[in-house]
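Spelled out, the chains give:
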Amino acid sequence: TGILVLCLYSPLPLYSVLIFASIAIREIAIIDRRGKLIYEAFNQEYPSRIPLHPTKPLELILTEFKAIAAGKLLVFHNAQHDLEVLTNSFLRVNLTPPRYRQTFCTYRQARQSLNLASHSLEYLAKKLNLKVERRYFDRQQAHVARYDARFTHQLYLYLQRMNSPSPQVNPFSSSRVDHPFQTHPDNASIYEAQYAVLESAIEDIKYDPNRQSKGAVIIGSPGTGKTHLIMRLAQQRLKQNRLLFIPCPNDAHTIKYHTYSSILESLNRPIPGTSFNQLEYFLANTFVGIIKSASSDTQKIKDILTKIADNPLRLYEILGAEGTQTRRNNWDYIEKFTRDWWLQKYGAVGYAPEIIKGIVKFCRYCDPNYKQLIKKWLAADELEPEELAKIGLSSWQAEISQEDFSLEAIAVLGKLSLLHEPLIIVFDQLEMLGLEHNRAILLNFGEAVKELFTRVPHSLISFNLFPDRWQQLQQIFDGSIIDRLAQYQVQLEPPTPEQIEQILQLKAAAVDLELTHLFTDEELQQIISQGNSLRRILNNASEYFRYKYRNVPLPPPQPETNEEIAPPLAIATRLERLESRQERLEQLLTNIAGAFVSFAAVSSDIPAIADHSELNSGDRVPLSPLNKTLETKVRDYLKSQQETLEREYSESEILIDEKDAGKLQDIIVAYQQLVELETDILPSKRVFPPHRLLVNKNLCIAFLSSCKGSKFTSRIQNLNQVVATREQTRFILWRDARGDKIKPKTVGRKEIDRLNHTKNGTYRIFDRQNRITFELLYKFISDIHNQDLEIDIETEFKSALGIAAKELQEYWLLRELF
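As the structure is a computational prediction, the values presented were derived from the model and not from experiment. (Residues numbered from 1 in each chain as written. Predicted model: local features only at pLDDT ≥ 70, side-chain atom pairs only at ≥ 80, totals over all residues. Heavy atoms only, no water.)

Enquirer: Any details on unusual backbone geometry? Residues and values, ideally.
Expert: Look at asparagine 78: it is not a glycine, yet its phi comes out positive at around 80°. Of note in this structure, asparagine 698 is not a glycine but carries a positive phi near 50°.

Enquirer: Would you mind going over the environment of alanine 804 in detail, with residue names and values included?
Expert: When you line up the elements, alanine 804 lands in helix H32 (residues 797–807). With a relative accessible area of 0%, alanine 804 lands in the buried category. The spatial distance from the C-alpha of alanine 804 to the C-alpha of leucine 638 is 8.0 Å, given a sequence separation of 166 residues. Filtering out sequence-adjacent residues up to four positions away, alanine 804 remains in contact with Val634, Leu638, Tyr671, Phe780 and Leu814. (Helix = DSSP H or I, 4+ residues; strand = E, 2+ residues; numbered from the N terminus. Buried < 20%, exposed > 50% of the residue type's maximum accessible area, 1.4 Å probe, protein only. Contact = heavy atoms within 4.5 Å.)

Enquirer: Please give an account of the pattern of salt bridges that cites residues and values.
Expert: Throughout the structure, instances matching the rule amount to 46 salt bridges. Note that glutamate 790 and arginine 536 form a salt bridge whose closest N and O atoms lie 2.7 Å from each other. Here glutamate 790 is found in the loop between helix H31 (768–785) and H32, whereas its partner arginine 536 is found in helix H24 (residues 534–550), with 254 residues between them in sequence. By relative accessible area, glutamate 790 is classed as partly exposed at 22%. Assessed through its relative accessible area of 16%, arginine 536 is described here as buried. A salt bridge links arginine 635 to glutamate 807; its shortest N-O distance comes to 3.5 Å. (Salt bridge = Lys/Arg side-chain N within 4 Å of Asp/Glu carboxyl O.)

Enquirer: Any chance you could break down the sheet that holds strand E12 (residues 488–492) for me, citing the residues and the numbers?
Expert: Pairing is parallel across the open sheet formed by five strands, whose spatial order is E9-E10-E11-E8-E12. If you trace the sheet from one side to the other, it starts and ends with strand E9 (243–246) and E12, each paired once. For this sheet the average axis-to-axis angle between neighbouring strands, irrespective of direction, equals 20°. Pairing analysis gives four bridges linking E9 to strand E10 (residues 423–427), with the strands arranged parallel. Residue pairing across strands places leucine 243 opposite isoleucine 424, the latter belonging to E10. (Pairing = 2+ DSSP bridges. Axes fitted to C-alpha atoms, helices over the stretch in contact; angles between N-to-C directions.)

Enquirer: Describe the packing of helix H13 (residues 325–346) against helix H17 (residues 402–417), naming the residues involved and giving the relevant values.
Expert: The interhelical angle for the contact between H13 and H17, taken along N-to-C directions, is 90°, at an axis separation of 13 Å. As far as their axial angle goes, H17 and H13 are roughly perpendicular. For the pair formed by H13 and H17, the contact residues are Trp341, Trp342 and Tyr346 on the first element and Val412, Lys415 and Leu416 on the second. Looking at the contact of H13 with H17, its residues break down into five nonpolar, no polar and one charged. (Parallel < 35°, antiparallel > 145°, perpendicular 65-115°, else oblique. Nonpolar A, V, L, I, M, F, W, Y, C, P; charged D, E, K, R; others polar.)

Enquirer: Please give an account of the side chain of threonine 224 that cites residues and values.
Expert: Its place among the elements puts threonine 224 in the loop between strand E8 (214–220) and helix H8 (226–237). Side-chain polar atoms of threonine 224 contact the backbone oxygen of serine 221, separated by 2.7 Å. Threonine 224 has contacts with Tyr191 and Leu492, leaving out every residue within four places of it along the chain. (Polar contact = N/O pair within 3.5 Å; in protein donor to acceptor, adjacent residues only side chain to side chain.)

Enquirer: Any chance you could break down the sheet that holds strand E16 (residues 730–736) for me, citing the residues and the numbers?
Expert: The five strands lie next to each other as E13-E14-E15-E16-E17, forming an open sheet whose pairing is mixed. The strands lining the two open edges of the sheet, one partner per strand, are strand E13 (679–680) and strand E17 (761–766). With two bridges joining them, E13 and strand E14 (residues 691–694) adopt antiparallel strand pairing. Across the sheet, aspartate 680 pairs through a bridge with leucine 693, a residue of E14. Each of E16 and E17 touches helix H30 (residues 747–756); the most contacted strand, E17, lies at about 120° to it. Along the sheet, H31 makes contact with strand E15 (699–703), E16 and E17, crossing E17 at roughly 90°.

Enquirer: Pulling in residues and values, what's your account of the nonpolar core?
Expert: Among the nonpolar cores identified, the biggest contains 177 residues, and Tyr671 and Phe780 are the most heavily contacted of them. Counting residues per element, this core draws most heavily on helix H10 (residues 278–294), at nine residues. What tyrosine 671 contacts, discounting residues up to four positions off in sequence, is Leu677, Leu777, Ile781, Leu801, Ala804, Ala805, Leu814, Leu817 and Phe818. Grouped together as the second largest cluster of nonpolar side chains are 26 residues, Val5, Ala29, Tyr147 and Tyr156 included. (Core = buried A, V, L, I, M, F, W, Y, C linked by side-chain atoms within 4.5 Å.)

Enquirer: Quick one: what's the story with helix H28 (residues 657–671), residue by residue and with numbers?
Expert: Between the first and last C-alpha of H28 there are 21 Å, a value that for 15 residues agrees with the 21 Å anticipated at 1.5 Å per step. Burial analysis of H28 places 14 of its 15 residues in the buried class, the great majority of the element. (Expected span 1.5 Å × (residues − 1).)

Enquirer: Could you give me a rundown of the pairing of strand E4 (residues 73–76), with the residues and numbers involved?
Expert: Of the two faces of E4, both are covered, the one formed by Leu73 and Val75 as well as the one formed by Leu74 and Phe76. Note: E4 against strand E5 (residues 102–105), four bridges, orientation parallel. Bridging from a neighbouring strand, leucine 74 pairs with threonine 103 of E5. A crossover connection joins E4 to the parallel E5 through helix H3 (residues 79–92); in handedness this β-α-β unit is right-handed. (Right-handed = clockwise from strand over helix to strand, strands pointing away.)

Enquirer: So what's going on with the packing of helix H4 (residues 106–113) against helix H6 (residues 145–162)? Residues and values would help.
Expert: Close contact between H4 and H6 brings their axes to 10 Å; oriented N to C, the two are set at 40°. When the axes of H4 and H6 are compared, the pair comes out oblique. Here H4 runs over H6; the crossing is left-handed. Residues Thr106, Gln109, Ala110 and Ser113 of H4 form the contact with H6, whose own contacting residues are Thr152, Leu155, Tyr156, Leu159 and Met162. (Left-handed = near helix turned anticlockwise from the far one by under 90°.)

Enquirer: Could you give an account of the packing of aromatic side chains, naming the residues involved and the relevant values?
Expert: One pass over the structure, following the stated rule, counts 31 aromatic pairs. Between the aromatic rings of tyrosine 147 and phenylalanine 151, the centroid separation amounts to 5.2 Å while the plane-to-plane angle is 50°, which identifies the pairing as tilted. Here the residue tyrosine 147 and the residue phenylalanine 151 both occupy positions in helix H6, the gap between them amounting to four residues, near one helical turn. You'll find tyrosine 147 and phenylalanine 151 in the same group, each marked buried. (Phe/Tyr/Trp six-rings, centres within 6.5 Å; stacked < 30°, edge-to-face > 60°.)

Enquirer: So what's going on with the side chain of arginine 364? Which residues, and what values?
Expert: By the element assignment, arginine 364 lies in helix H14 (residues 352–364). Side-chain polar atoms of arginine 364 contact the side chain of aspartate 332, separated by 2.9 Å. Of note is the side chain of arginine 364, whose polar atom sits 2.7 Å from the side chain of glutamate 335. Setting aside its immediate chain neighbours within four residues, arginine 364 contacts Arg327, Arg328, Trp331, Asp332 and Glu335.

Put into structure tokens, the structure is as follows:
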């Protein structure tokens, strides 16, 4: 059964049975359970109070009402009065009054549930802050049936929520996909054709006789679902293909190493529903391909193939128990067989045979200590001689550079994939490449991509881009790169309102809720109509959820733009819309005026950070409604992302000092909008730890986490020499707590002590909280540029930076900058 909310009026109140006998319905309005006006009628016996609205005979009105109301729950405010009016109206036209199966009286329920001075609709609507179309109850519009019916509906919903447990989980709180290995509800009918293009591209690569890699550009405005589409690809194909996710590089000299280290981190991701990661899947399936292609006639290989042909992952079960000699012998045999196959197929040129050996070794061990050492080796990290001897691998530094090692390792993965399924390599979050200070990174990125297409076979190399960034790349990169990038172009257009509603329903269903129980039709229309991207609409839904179930006020409405010409409207509707627009215009003018005041207040507080004075939350300057929303948005973002970074901190990460220095540079460039900051690097031919020199602050911040042994020693020695000669400059050298410990009584440890004993140098450990806050600050800035965080770069960026600086005012870096 459905729910109908009714409001009807008779010309006079029912003071007595005598008066009752002479009156009938003057007007009636019916709202369905989702808040939509489905019926409205005016009795032709009385003049209509809404100009130009057609009237009907009472008998027709009652006949139509009876058909609509059959079997429904009828909701009234003062049901006794309205039911008497209905009964009298039926009798007046010689019709039998129907029996109403279920009725609900909001007046009676309010008297039982709310101890208030009055329980009239006007009093309750104002006391409970009820709204229709974001507007409070207006006495001048009251006693029109459709107006009161809408507020009766809101009162009914309020009473229902009051007497039933509220949903605890906000199903719309997560509106973005950070990386494709996350799990979010997915409606496969949305972007079905675009997804099919990607599937087709993978099949084209798989059956291409030359096995050449192909490029795909996924073009879409912020929030249209580019990363979500790749997430769907991961969910559908992760048990077949290896999906490798590479975020934006931030150092011009380590593009290939950044790409390779991101690939390793992707390969370390678990396959959902299994106890294996991507690399273990990759090796097992590749090994089956090697056996089949080698056509070996040895009985040992035939036995292995028989056992794993239907399920390659059984390779990790059939080779013997952990720690036994049988298992060691079997894995030694697999290492040798795989390496011999590679030498026969591709020869001994380069460092590839040793990389093959390293991949097999990573998969053979269960001991996390062995795995960690091999992962470091695969990540082109420096190991001590005794560590190399322990895992049976040789040092690569003397033969090949880190960048060349990285490209060769990616090429090895591509060639191994020829034995099974194509690789899917995805570059995402690339918007910061377009910033002027990152131009060298952008140019080197184009060259690195060209090398990937040349050296790495059998791969779909995909790029997620905003339309304007794609246009920029077409102007900067030469034709040979663009042609390879854009062999497949996938354009993402905003979903239709029907598809969006399906997505909202999926989100609600994921936490066992019904969308229609959460929002009315009117609310859904507001949620969908006030967003220009899928992400904005999900954020709207989240805001409405918090408003309805947690009493968090809605942000002020945004001004309407690009409104299509609509057909003529009824005068009352046009008046309502005109009033709404006037209200929005007044709010906009207030916001604009307040923005200048609040920004000046935020900016004036920033120097206090440099003075190391306390900024208590109770001392905050009141912000305008616009900046209250901005402040809330920034604070909510920082809180939620800090929680995410806390969870992910323990996940193994490949430490790259150049990446940290690049992140520092991006943070400095952002805050140059609020404070004068001049950056440089130390002039010398010697190799220093990656760093940034803040010239006007006489401060050098350096990072040395990713190396140890001789590399660590030589770099810190070079730094110490400069520290001794630049006494006016302070030096801070950071080392991540997750990096290898520097052993006591080594030259490296002595150099650390030497740095700490200078007047202007300090060696510090980048502990958990330091690292998380550093990453949070960088992510905040990059997410604004990537428009993953809805802050307008032109009008709100500076204010947002100031708010973040106040929220994180105790962090060492912000104190140094200000």
